[in-house]
Amino acid sequence: DAKTTQPPSMDCAEGRAANLPCNHSTISGNEYVYWYRQIHSQGPQYIIHGLKNNETNEMASLIITEDRKSSTLILPHATLRDTAVYYCIVRRSYNTNAGKSTFGDGTTLTVKP
Amino acid sequence: DGGITQSPKYLFRKEGQNVTLSCEQNLNHDAMYWYRQDPGQGLRLIYYSQIVNDFQKGDIAEGYSVSREKKESFPLTVTSAQKNPTAFYLCASSKGQINQDTQYFGPGTRLTVL
């Protein structure tokens, strides 16, 4: 599975949009981009995923570049409760190796009042 | 409520003892996973299972063992062969189907070996 690169940390003002970038330049055609977040000492929480089209749900938006080599997670109106570590991973659609997805160190997002 | 449960939340063991961590899911998911997380680091895959009675090694399987006798359960045993067992252990499950393979995580078990 392709590896991802994320900045180690970012700050965002409360109420503003948080834009978290992820580089996945070696992504292959059948790999999805997934985003999770982890609040301290809890299990990671699924946020959103996509293949090549932009996606939006009640939590966030995912923008994937046309060449699929990078993506951006957008939290439209960040709150203090969005302070967490955000993980971008790439993951194949289900096959015999689908279980092996690599979580890097993620981006620590700190939302400030 | 549907979800994944891990017990206990905190676990203490003496060095040299085997310990088994519990993971149960009632989501009717086929696939289950175990990850290890060390302080300030990401998740590393220990073992995963895509179907009952079958499982595969992840990136750091040495010193660990698993079983998958029931769809709902995927216990992880940390053996005395694991050199640095103190860590946060996370279990996850997914449907294991094409286009529907989102992983859902349990609350984790923090293991401390004294």
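Everything discussed here concerns the structure shown above.
Residues numbered from 1 in each chain as written. Chains lettered and ligands numbered in written order. Predicted model: local features only at pLDDT ≥ 70, side-chain atom pairs only at ≥ 80, totals over all residues. Heavy atoms only, no water.

Let's talk about the sheet that holds strand 8 (residues 84-92) of chain A
Residues and elements named next belong to chain A.
Part 1 of the argument: Pairing is mixed in the open sheet, where five strands are placed in the order 1-9-8-3-4. Two strands in the sheet have a free side with no partner beyond their single neighbour: strand 1 (9-13) and strand 4 (45-50). On average, each strand axis in the sheet is inclined to that of its neighbour by 25 degrees, with strand direction left out of account.
Part 2 of the argument: Summarising the sheet, strand 3 (residues 31-38) and strand 8 pair through eight bridges and their orientation is antiparallel. (Pairing = 2+ DSSP bridges. Helix = DSSP H or I, 4+ residues; strand = E, 2+ residues; numbered from the N terminus. Axes fitted to C-alpha atoms, helices over the stretch in contact; angles between N-to-C directions.)

Some points on the pairing of strand 9 (residues 107-112) of chain A
Residue and element names in this part refer to chain A.
Part 1 of the argument: Residues T107, L109 and V111 of strand 9 are buried on one face, while the alternating residues T108, T110 and K112, pointing to the opposite face, are not.
Part 2 of the argument: Here strand 8 pairs with strand 9 via three bridges, running antiparallel. Considered in strand 9, the bridge of A84 is made with L109. (Buried < 20%, exposed > 50% of the residue type's maximum accessible area, 1.4 Å probe, protein only.)

Some details on the sheet that holds strand 7 (residues 70-75) of chain A
What holds strands together in a sheet is hydrogen bonding between their backbones, with the strands either parallel or antiparallel.
Residues and elements named next belong to chain A.
Part 1 of the argument: If you walk across this open sheet you meet the four strands as 2-7-6-5, and the pairing is antiparallel. A strand with exactly one partner marks an edge of an open sheet, and here the two such strands are strand 2 (18-23) and strand 5 (55-56).
Part 2 of the argument: Pairing analysis gives four bridges linking strand 6 (residues 61-64) to strand 7, with the strands arranged antiparallel. Across the sheet, the residue bridging to L62 is L73, located in strand 7.

Brief notes about the pattern of salt bridges
All names here are of chain B.
Part 1 of the argument: Scanning the model with the defined rule gives five salt bridges over all chains in all.
Part 2 of the argument: With a closest N to O distance of 3.4 Å, D30 and K71 form a salt bridge. Remark: K71 occurs in the loop between strand 7 (64-66) and strand 8 (76-78) and D30 occurs in the loop between strand 3 (19-25) and strand 4 (31-37); sequence separation between them is 41 residues.
Part 3 of the argument: Overall, the relative accessible area of 29% leaves D30 in the partly exposed class.
Part 4 of the argument: Look at K71 and you get partly exposed, because its relative accessible area is 24%.
Part 5 of the argument: The shortest N-O distance in the salt bridge between D38 and R44 comes to 2.7 Å.
Part 6 of the argument: What makes R44 partly exposed here is its relative accessible area of 34%. (Salt bridge = Lys/Arg side-chain N within 4 Å of Asp/Glu carboxyl O.)

These results come straight from atomic positions and should not be treated as a statement about function.
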